[in-house]
Each structure stands twice: as C-alpha cells, then as structure tokens.
Amino acid sequence: MAEPAHPRTTPAVGFLYPGHSAEDDYPRLQRLLDESGTEVRLPLVHTDIGTDAHRVEALLEMGSAHRLADKVDEVKAAGIGAVVWACTSASFVFGWDGAREQVRELSTTAGLPASSTSFAFAHAVQALGAERVAVAATYPDDVAELFAGFLKSAGAEVVARQGSGIITAAEVGTWGRAEVLALAREGDHPEAQAVLLPDTALHTAAWIPQLEAELGKPVLTANQVTAWEGLRLLGVGARCPQLGTLFSPAD
C-alpha cells in the first residue's frame, strides 16, 4: 500500500518499530487520517529485535536503550517532531517506572518528545474515560499479566485478562481478520468499558469499526493507539471514524 505523499513541512511523528510483522498498518493509518482531513506523516524505522520471543528476558533486551538509540538518527532524518517506541511488550515489561525511564532516555537521545505504546494505551484509556477494561492479548499468560499490572499502575481496573500463548511476533503478524475478531470476542467481558488488544505485531487498522460494532464498545489496538499517541505529542487533533471511538471525540 502506497503511503500518501506529503511535503516534509507536514507534521510528522516517527516510530521505532521492532522487526517486521504489522508495520504495514502505519501507511494504512496515515491514509485513513489523510482521507479524514488530517495531514500527517508517519515514518517508521525498524529496530533490531534480537530474539523474536514474548519472553521477559528477550523483551528486556528488545527494548534496551542501545537498541532504540541505534535507530534514532535514522528516524530523525525524516524530519519528525516526536518519536514513539512502537512496541507494547518491550515497554511494559520494564514496569511503570522502568517504562518511564525508557521513554525519558529515548527523548533525551532524540532531543524530541517521546513515548511508547504502553503509555499510549494508558493515555487512551484515560481519554475515553474508561475505568474498567478487558485485555485480549496474543501473549503468553505471564506477559499478559505484566500488561494488566501496567494498566493498574495507570489507574485502570482490569476486569478480564486473556493470553493466547503466542511466542513470536512473526506468528502474530500472520493473523487476519477472523483471528483478530475472535481474539477480541473471547477477551471481552460484560463489565469492561473498553477492550484492549496490546500487540503492535497484530494487524488491526483495517478492522477497528468492525471490532467495535461486534463488541458494542470501544476497542483499543496497539498500532491505533500508537499513532494517536504520536499525534498527541505533536499537539495534532484528529477525527477519523474509521479508526474507532478513540479518533471520534465528542464535540
């Protein structure tokens, strides 16, 4: 899918994305935003992930300061105004304080405002006013539990948590519409005010309205909230119904 062409004067947020799985969500996100009247560039640079595994030690190395710093100059060359570590598991695995330090180091290295997908979820839940959420994760149970703990640190009540036991991002990246819809349905809970799908390796950008229609509530997905967080850092508001409730703020 071709990325919409914009001059370099267009506001831009850069993403450091681990490996190759669902990075094609970002050109789609940019196109949908463009079609809704928000001109923004979303350049993406791949980081070296080391071992592709949803295991704690591998994730700590994947999100280490040196791996992120190695690609900062490359993403800055795209003329960005902010940078986001587009990974959930290799940010929340550090815990709340460790994830904050990760973002602080990234911001210092880049000389730009910075965030990560984990904080994108925390900020998006707060923006929706959701107090109770359900987590429908591709991860093994122990990693999904770490995400639930991160959300609790952000003040959210996690009323349901499901892990799918998938070890590699490469496998997650092969999932299509049917698997994503099933994941969301199975992870939902009647008391949840929003359902969270926390894996940037999961393709979701094409199906967010369908996910929300299926569940009858807001659905937050990793690449969706990562883009939203980047726009938040830039101070760019966006209304884009094709990206769900998060991008459809009340007047």
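Quick note: structure is the one above.
Since we're looking at a predicted model, the values are computed, not measured. (Residues numbered from 1 in each chain as written. Predicted model: local features only at pLDDT ≥ 70, side-chain atom pairs only at ≥ 80, totals over all residues. Heavy atoms only, no water.)

Caption draft 1: Local environment of the pattern of salt bridges. As enumerated under the stated definition, the model contains ten salt bridges in all. In this structure, the salt-bridge partner of Arg67 is Glu61, at a minimum N-O distance of 2.9 Å. Assessed through its relative accessible area of 14%, Arg67 is described here as buried. A salt bridge links Asp141 to Arg161; the nearest nitrogen and oxygen atoms lie 3.9 Å apart. (Salt bridge = Lys/Arg side-chain N within 4 Å of Asp/Glu carboxyl O. Buried < 20%, exposed > 50% of the residue type's maximum accessible area, 1.4 Å probe, protein only.)

Caption draft 2: Highlighting the sheet that holds strand S5 (residues 132-136). Taking strand neighbours across the sheet as the criterion, the four strands line up as S6-S5-S7-S8 in an open arrangement whose pairing is parallel. The open sheet is flanked by strand S6 (157-162) and strand S8 (219-221), the only strands paired with a single partner. On average, each strand axis in the sheet is inclined to that of its neighbour by 20°, with strand direction left out of account. Where S5 meets S6, five bridges bridge the pair, whose relative direction is parallel. Residue pairing across strands places Val135 opposite Arg161, the latter belonging to S6. Its contacts with the sheet put helix H7 (residues 117-128) on S5, strand S7 (194-197) and S8, and the angle it makes with S8 is roughly 160°. (Pairing = 2+ DSSP bridges. Helix = DSSP H or I, 4+ residues; strand = E, 2+ residues; numbered from the N terminus. Axes fitted to C-alpha atoms, helices over the stretch in contact; angles between N-to-C directions. Contact = heavy atoms within 4.5 Å.)

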